[in-house]
Amino acid sequence: MNKRVLLILNPCSGQKAGKRYLADVVEIFCRAGFTTTVFTTLAAGDGCQITARHAADHDLVVCMGGDGTFNEVVSGMIASGANVPIGYIPCGSTNDFASSVGLSKKLLKAAQDIVDGVPQTFDVGLFGDRHFTYIASFGAFTRASYDTPQSLKNMLGHLAYVLSGIQDLFAIKSKHLRVETEDATFEGDYLFGAISNSTSVAGILTLNPEYVDMNDGLLELLLIRKPRNPLELEECIRCLQKQRYNSPMLTFHSASRLKIIAPADMPWTLDGERQEGREEIEISNLHSAIQLILPAKASNNALPSEKR
């Protein structure tokens, strides 16, 4: 009996490459012995609903879209209770999560890697009642992930360079927060903050991989205080560049559960999508919540050309 794959395509992701390569991707799964059922998303939330309804009837669920679509597929998988392996063919505008786990940016290579790859368990974050696969962030620059045109997104580098390049940095308003974890409490005025399960934070900062394990039951908290003068700004930039977090300007801590008291009108971004704020937020780690297929170390399969 053929294995069954549920392929969920967001036809509007990124440069719409998913639509152009859909037939070739389906052929790759057919050659591997899969019967493929394709659904396309038409509106926000469709990926979650499709996955929740149909995942249990398939042996594999494949997301073909950006990090937002992948977030929906993960949310739908958890809602279904099926825990079917998930394959991810990244074709969005930034693909931060895909990059952090080493997925190919070439669509056909990513599809073949799913066929040849191995499932690995990953943690998922829970922000109130909404899931996030790699980040929940607030403050300066987080609007860029859901508010900035693609041409400008491509110009953003590490957070250190963003900080150093903004002339009116000291005019940006900080946010007062209180963060409570199992073993520590942090309170202050912060320019930027993130709770993540990835080495890539908001697409503009890379965490030291020595401190990040995406399946250890913990989330990483990073808080950046607002610099009061050029010396503090210089220190902040230097520490971020060197991935050292022992500065008074930075707070870095790992925790499985966090309670955050924040301004109710402060917006967040979850996996690149806007999330309305609230005064009290519970954030937790769902340990080993999903199975994601990662590439095998080597694959000699020949693929069709992607020059289109």
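The structure under discussion appears in the preceding block.
Residue numbering note: each chain is counted from 1, following its sequence as written. It should be noted that, the model being predicted, local features are given only for residues of pLDDT at least 70 and side-chain atom pairs only at 80 or more, the latter also being counted only at that level, while totals for whole chains, interfaces and linings use all residues. Note that the side-chain values use all heavy atoms of the structure and ignore hydrogens as well as water.

> Quick question: what am I supposed to make of the overall build of the chain here?
We count a stretch as a helix when DSSP gives it H or I for four or more residues in a row; a strand needs E for two or more, and each element gets its number in order from the N terminus. On a plain count of helices and strands, the chain comes out with nine helices and 17 strands. Scored against the burial criterion, the 308 residues of the chain give a buried share of 51%. Pairs of residues are marked as contacts when any of their non-hydrogen atoms sit within 4.5 Å. Taking contacts inside the chain between residues at least 6 apart in sequence as the whole, the part at least 24 apart equals 76%. Accessibility here uses a 1.4 Å probe with only protein chains present; expressed as a share of the type maximum, an area under 20% marks a residue as buried, one over 50% as exposed, and anything in between as partly exposed.

> It is not clear to me how the pairing of strand 1 (residues 3-9) should be interpreted in this structure. Could you clarify?
Residues in a regular strand project their side chains so that they alternate between the two faces of the sheet. Counting buried positions over the seven residues of strand 1 gives five, a clear majority of the element. With seven bridges joining them, strand 1 and strand 2 (residues 34-40) adopt parallel strand pairing. Counted as the bridge partner of Leu-6 is Thr-37 from strand 2. Here is how to tell: hold the view so the strands point away, follow the path from the first strand over the helix to the second, and if it runs clockwise the crossover is right-handed. In terms of handedness, the path from strand 1 via helix 1 (residues 17-31) over to strand 2 forms a crossover that is right-handed. Taken together, the five bridges between strand 1 and strand 3 (residues 60-65) define a ladder with parallel strand orientation. Bridging across to strand 3, Ile-8 finds its partner in Cys-63. Strand pairing requires that DSSP identify at least two bridges connecting the strands.

> Can you help me understand the nonpolar core in this one?
For soluble globular proteins, the rule of thumb is that nonpolar side chains tend to be buried together. Counting residues in each nonpolar core, the largest one holds 38 residues, and the members touching the most others are Phe-70 and Leu-292. Top contributing element to this core by residue count: helix 3 (residues 67-80), with four residues. Residues contacting Leu-292, with those up to four places away along its chain left out, are Phe-70, Ile-86, Tyr-88, Phe-97, Val-101, Val-118, Pro-119, Gln-120 and Phe-122. Nine residue types can take part in a nonpolar core, namely buried Ala, Val, Leu, Ile, Met, Phe, Trp, Tyr and Cys, and a core is a set of them joined through side-chain atoms within 4.5 Å.

> Sorry, what's going on with the packing of helix 1 against helix 5 (residues 107-116) here?
Helix packing geometry: the angle between the two helix axes and the distance between the axes. Between N-to-C directions, angles cover 0 to 180 degrees, with each direction set by a line fitted to C-alpha atoms, over the stretch in contact for helices. The contact between helix 1 and helix 5 brings their axes to 9 Å, and the two run at 30 degrees. In this structure, helix 1 meets helix 5 at a crossing whose hand is right-handed. Facing Ala-17, Gly-18, Tyr-21, Asp-24, Val-25, Ile-28 and Phe-29 of helix 1, the residues of helix 5 in contact are Leu-107, Leu-108, Ala-111, Gln-112, Ile-114 and Val-115. Residue polarity follows a fixed list, in which Ala, Val, Leu, Ile, Met, Phe, Trp, Tyr, Cys and Pro are nonpolar, Asp, Glu, Lys and Arg are charged, and the others, Gly among them, are polar. Across the contact of helix 1 with helix 5, the residue classes tally to 10 nonpolar, two polar and one charged. When the near helix sits turned anticlockwise from the far one by under a right angle, the crossing is termed left-handed; a clockwise turn instead gives a right-handed crossing.

> Quick question: what am I supposed to make of helix 5 here?
Helical geometry note: an α-helix holds 3.6 residues per turn, so side chains three or four residues apart project in the same direction. Taking burial as the measure, the 10 residues of helix 5 include seven buried ones, the bulk of the element. By the burial criterion, the buried members of helix 5 are Leu-107, Leu-108, Ala-110, Ala-111, Gln-112, Asp-113 and Ile-114.

> Explain helix 9 (residues 230-242) to me, please; I cannot follow it from the model alone.
For helix 9, built from 13 residues, the straight-helix expectation of 18 Å at 1.5 Å per residue is met to within 8% by its first-to-last C-alpha distance of 18 Å. Those residues of helix 9 that sit buried are Glu-232, Leu-233, Cys-236, Ile-237, Cys-239 and Leu-240. Looking straight down helix 9, one finds its buried side chains confined to an arc of 165 degrees; they lie on one side. Seen from the buried face of helix 9, the exposed residues on the opposite side, beyond 90 degrees, are Pro-230 and Leu-231. Of the residues trailing helix 9, Gln-243 is marked for its positive phi of about 55 degrees. A helix's residues, less one, multiplied by 1.5 Å, set its expected span. Directions drawn from the helix axis to the C-beta atoms are what define this arc.

Read these as layout, nothing more, since geometry by itself doesn't imply function.
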